[in-house]
Amino acid sequence: MTVSYPGSCSCGAVRYRLTSAPMFVHCCHCTDCQRQTGSAFVLNALIEADRVVLEAGETAPYPQPTESGRPHVIHRCTQCGTAVWSVYGGRDRLRFVRVGTLAEPAALPPDVHIYTRSKLSWVRLLEGVPAFEAYYDSATLWPAEALARRKALFG
Ligand SMILES: [Zn+2]
Ligand SMILES: [Zn+2]
């Protein structure tokens, strides 16, 4: 069974499709994500870049300052500026796709909450979804299938 997930920016110029489920979904409560989104957290679906098909429109890269100095580039619709995905650490074979830009964001709930040390106090997390004060060890948390996909990507 092949599932695919269509998405778009707010003006509709950028249309894209994830050609499979992502490897993993992050809900990040760090202060960078809060500032970059103007919201309480960001939802990112981690997926191979070649499984993100740009069907219409153009994106432009916006490098962000980071505490670690490792690059973080947000890709935005050139018409309306909606952030549609990010690339971290210059590893452009992996995309962090903004789940809120999918046609059905509810289809991809978070697999993990990270940086909950800066989570806004009124955000209540569901029982049973792993949550970490900072980052986490993907080798212990990701399903084997997702780890295999990541290994295929980076070796
Ligand atoms: Zn747009
Ligand atoms: Zn973050």
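The coordinates are above.
In this text, all values refer to a predicted model and were calculated from it rather than measured experimentally.

1. Side note on the overall build of the protein
Part 1: Counting its secondary structure elements, the protein contains three helices and 10 strands.
Part 2: N-terminal to C-terminal, the α/β element order of the protein is β-β-β-α-β-β-β-β-β-β-β-α-α.
Part 3: What you see for the protein is a C-alpha radius of gyration of 15 Å, in line with the 15 Å of a compact globule of 155 residues.
Part 4: Summarising its shape, the C-alpha atoms of the protein cover approximately 40 × 35 × 30 Å along the three principal directions.
Part 5: Averaging the locations of the 16 positively and 13 negatively charged side chains of the protein gives two centres separated by 2 Å.

2. Regarding the coordination of the zinc ion (ligand 1)
Part 1: For the zinc ion (ligand 1), the full set of protein donor atoms is C9 (SG), C11 (SG), C77 (SG) and C80 (SG), at a range of 2.3 to 2.4 Å.
Part 2: One can describe the donor arrangement at the zinc ion (ligand 1) as tetrahedral, given that its four donor atoms subtend angles of 106 to 113° at the metal.
Part 3: Counting gaps between the donor residues of the zinc ion (ligand 1) yields the pattern C-x1-C-x65-C-x2-C. Taken as a pair, C9 in the loop between β1 (5–8) and β2 (15–18) and C80 in the loop between β7 (72–77) and β8 (83–88) lie far apart in primary sequence, 71 residues in all.
Part 4: Here C9 falls in the buried class, since its relative accessible area comes to 5%.

3. Here we look at the sheet that holds strand β4 (residues 42–48)
Backbone-to-backbone hydrogen bonds pair the strands of a sheet. The strands run either parallel or antiparallel.
Part 1: Ordered by their spatial adjacency, seven strands build an open sheet running β6-β7-β8-β9-β4-β3-β10, and the pairing between neighbours is mixed. The open sheet has two edge strands, β6 (59–64) and β10 (112–114), and neither has a second partner. Taking each pair of neighbouring strands and ignoring which way they run, the sheet shows an average axis angle of 30°.
Part 2: Note that β6 and β7 share six bridges and pair antiparallel. Across the sheet, residue Y62 finds its bridge partner in β7, namely I74.

4. Describing the coordination of the zinc ion (ligand 2)
Part 1: Protein-derived coordination of the zinc ion (ligand 2) comes from C28 (SG), C30 (SG) and C33 (SG), at a distance range of 2.1 to 2.3 Å.
Part 2: Along the chain, the residues donating to the zinc ion (ligand 2) fall in the pattern C-x1-C-x2-C. Accessibility classification places C28 together with C30 in one group, the buried group.

5. Let's talk about the side chain of H113
Part 1: Examined against the element boundaries, H113 turns out to sit in strand β10.
Part 2: Judged by its relative accessible area of 7%, H113 is buried.
Part 3: Discounting residues that sit within four places of it in the chain, H113 has contacts with C27, H29, L125, V129, P130, A131 and F132.

6. A word on the sheet that holds β2
Part 1: Taken together, three strands build an open sheet; the order of strands is β1-β2-β5 and the sheet is antiparallel. Each of the sheet's edge strands pairs with one partner strand only, and the pair in question is β1 and β5 (52–56). With strand direction ignored, the average angle separating the axes of adjacent strands in the sheet is 25°.
Part 2: In terms of strand pairing, β1 meets β2 through four bridges, oriented antiparallel. Paired with Y5 across the two strands is L18, which belongs to β2.

7. Observations regarding the pattern of salt bridges
Part 1: For the coordinates displayed, the defined rule picks out four salt bridges.
Part 2: Salt bridges sharing partners connect three or more residues here, namely E48, R51, E145 and R149.

Conventions used here
- Residues numbered from 1 in each chain as written.
- Chains lettered and ligands numbered in written order.
- Predicted model: local features only at pLDDT ≥ 70, side-chain atom pairs only at ≥ 80, totals over all residues.
- Heavy atoms only, no water.
- Helix = DSSP H or I, 4+ residues; strand = E, 2+ residues; numbered from the N terminus.
- Rg over C-alpha atoms; globule rule 2.2 N^0.38 Å.
- Lys, Arg positive; Asp, Glu negative; His and termini not counted.
- Charge placed at Lys NZ, Arg CZ, Asp CG, Glu CD.
- Donors = N, O, S within 2.8 Å, 3.2 Å for Na, K, Ca; no water.
- Tetrahedral: all angles 85-135°; square planar, octahedral: opposite > 155°, others 65-115°.
- Buried < 20%, exposed > 50% of the residue type's maximum accessible area, 1.4 Å probe, protein only.
- Pairing = 2+ DSSP bridges.
- Axes fitted to C-alpha atoms, helices over the stretch in contact; angles between N-to-C directions.
- Contact = heavy atoms within 4.5 Å.
- Salt bridge = Lys/Arg side-chain N within 4 Å of Asp/Glu carboxyl O.

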